Number of protein chains: 2
Amino acid sequence: MFEVFSTPPSDRFFEDYTEGATYVCGSFTVTEDEIIQFASLYDPQMMHVDRDLAAKGPFGGIIASGWHTVVRTMRLLVENFLPHNGLAAPGIDELRWPQPVRPGDILTVQATVHQARRSRTKPDRGLVHTLLEVLNQNGDVVMTMKPMNFVRVRNPAA
Amino acid sequence: MFEVFSTPPSDRFFEDYTEGATYVCGSFTVTEDEIIQFASLYDPQMMHVDRDLAAKGPFGGIIASGWHTVVRTMRLLVENFLPHNGLAAPGIDELRWPQPVRPGDILTVQATVHQARRSRTKPDRGLVHTLLEVLNQNGDVVMTMKPMNFVRVRNPAA
């Protein structure tokens, strides 16, 4: 089953992330126009921007840039998963796109906390390791990502 | 020293990627307005979108979303490094943001081919593992990324 945070992102701290818990972060869809517009700016490969060439290519039509899926997912993480307390993320440990995203797909983001550990050197924060999974309307996993995030501790003295 | 491709992206194949070679992919800069605009859409954390809160935060001012640096880098890879032959990328093995990107920073992208191996199961392609490094005008590394890309083989029978 899925967990629900007891605190809003504006009052969310390290203590609120439960190892092993999975949180649903929301859903989104992308239209073909949005796919082409995003990719024209940032990832203008033919399978993302050219309807005719994409139709003749290995996917038989336009597919979304993997980065488009990433940034739309990121928006949901900021709205529904990450705390709004202003620490940066050091990076991502693995990112995979096992299936293509096609126009009109309805994508759902879920986040499982794999590890949440207090920092040894900075007592005001902890490091949260998460497995993100993005599924389409058929239940196919279209993206997985393993981000790390620094999160402030509510009670550093505890 | 840096290598230069002998073929344009439209006629670039697996055989053109030399293990150990480093290719300069180009440079870009981001303005504060662009940083805020991108992050407002995709990563609306205060350090990326709110000048006043960012000034009081750990970075002392607006910094770019790490994803903004990724997608601007991606654009240069499509223009100058990847072949235009329409195979998808399976994913990224590691992504790090060791230093913040600030408005006006001039960022240079370089790509080192770590491994280039023919596919055992699909003779028409190979898998290229790359280390991308993005450096600012002071020589600080602001991003590293390890993408994998499938690339078509020019002479599958060879």
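Structure's up top.
Presented here is an overview of the structure given in this document. (Residues numbered from 1 in each chain as written. Chains lettered and ligands numbered in written order. Predicted model: local features only at pLDDT ≥ 70, side-chain atom pairs only at ≥ 80, totals over all residues.)

Looking at the environment of F59 of chain B
All names here are of chain B.
- When you line up the elements, F59 lands in the loop between α3 (51-56) and α4 (66-80).
- The class of F59 is partly exposed, set by 14 C-beta atoms lying within 10 Å.
- As a C-alpha pair, F59 and P100 span 41 residues in sequence and 8.0 Å in three-dimensional space.
- Sequence-distant contacts of F59, defined by excluding residues within four places in its chain, comprise M47, A54 and P100. (Helix = DSSP H or I, 4+ residues; strand = E, 2+ residues; numbered from the N terminus. Buried ≥ 20, exposed ≤ 12 C-beta atoms within 10 Å, placed from the backbone. Contact = placed C-beta atoms within 7 Å.)

Digging into the relation of the copies chain A and chain B
- Expressed as a screw operation, the relation of chain A to chain B combines 0.0 Å of axial shift with a rotation of 180°, fitting to an RMSD of 0.0 Å. The relationship between the two copies is best expressed as a two-fold rotation axis. Taking C-alpha positions as the reference, the residue of chain A nearest the rotation axis is E94 of chain A, at 2.7 Å. (Least-squares fit on C-alpha atoms with pLDDT ≥ 70 in both.)

Considerations on the sheet that holds strand β4 (residues 125-135) of chain A
- Judged by pairing direction, the sheet is antiparallel, and its ten strands sit side by side in the order β1(A)-β3(A)-β4(A)-β5(A)-β2(A)-β2(B)-β5(B)-β4(B)-β3(B)-β1(B) without closing on themselves. Because the sheet does not close on itself, it has two edges, and the strands there are β1 (22-29) of chain A together with β1 (22-29) of chain B. Strand-to-strand twist across the sheet, computed as the mean angle between neighbouring axes with direction ignored, equals 20°.
- Note: strand β4 (residues 125-135) of chain B against strand β5 (residues 141-152) of chain B, nine bridges, orientation antiparallel. Note that in β5 of chain B the partner of L135 of chain B across the bridge is V141 of chain B.
- Across the sheet, helix α4 (residues 66-80) of chain A touches β1, β3 (106-118), β4 and β5 (141-152) of chain A, and the angle it forms with β1 of chain A is around 130°.
- Strand contacts of α4 of chain B: β1, β3 (106-118), β4 and β5 of chain B, with the helix running at about 130° to β1 of chain B, the strand carrying the most contacts. (Pairing = 2+ DSSP bridges. Axes fitted to C-alpha atoms, helices over the stretch in contact; angles between N-to-C directions.)

As for the interface of chain A and chain B
- Counting residues at the interface gives 27 residues for chain A, matched by 28 residues for chain B.
- Take the side of chain A that touches chain B: its biggest share by element is seven residues, from α4 of chain A.
- Along the lines of polarity and charge, the residues of the side of chain A that touches chain B split into 16 nonpolar, six polar and five charged.
- As judged from the four bridges shared by strand β2 (residues 91-96) of chain A and strand β2 (residues 91-96) of chain B, these two strands associate in the antiparallel manner. Bridging from a neighbouring strand, L95 of chain A pairs with I92 of chain B of β2 of chain B. (Nonpolar A, V, L, I, M, F, W, Y, C, P; charged D, E, K, R; others polar.)

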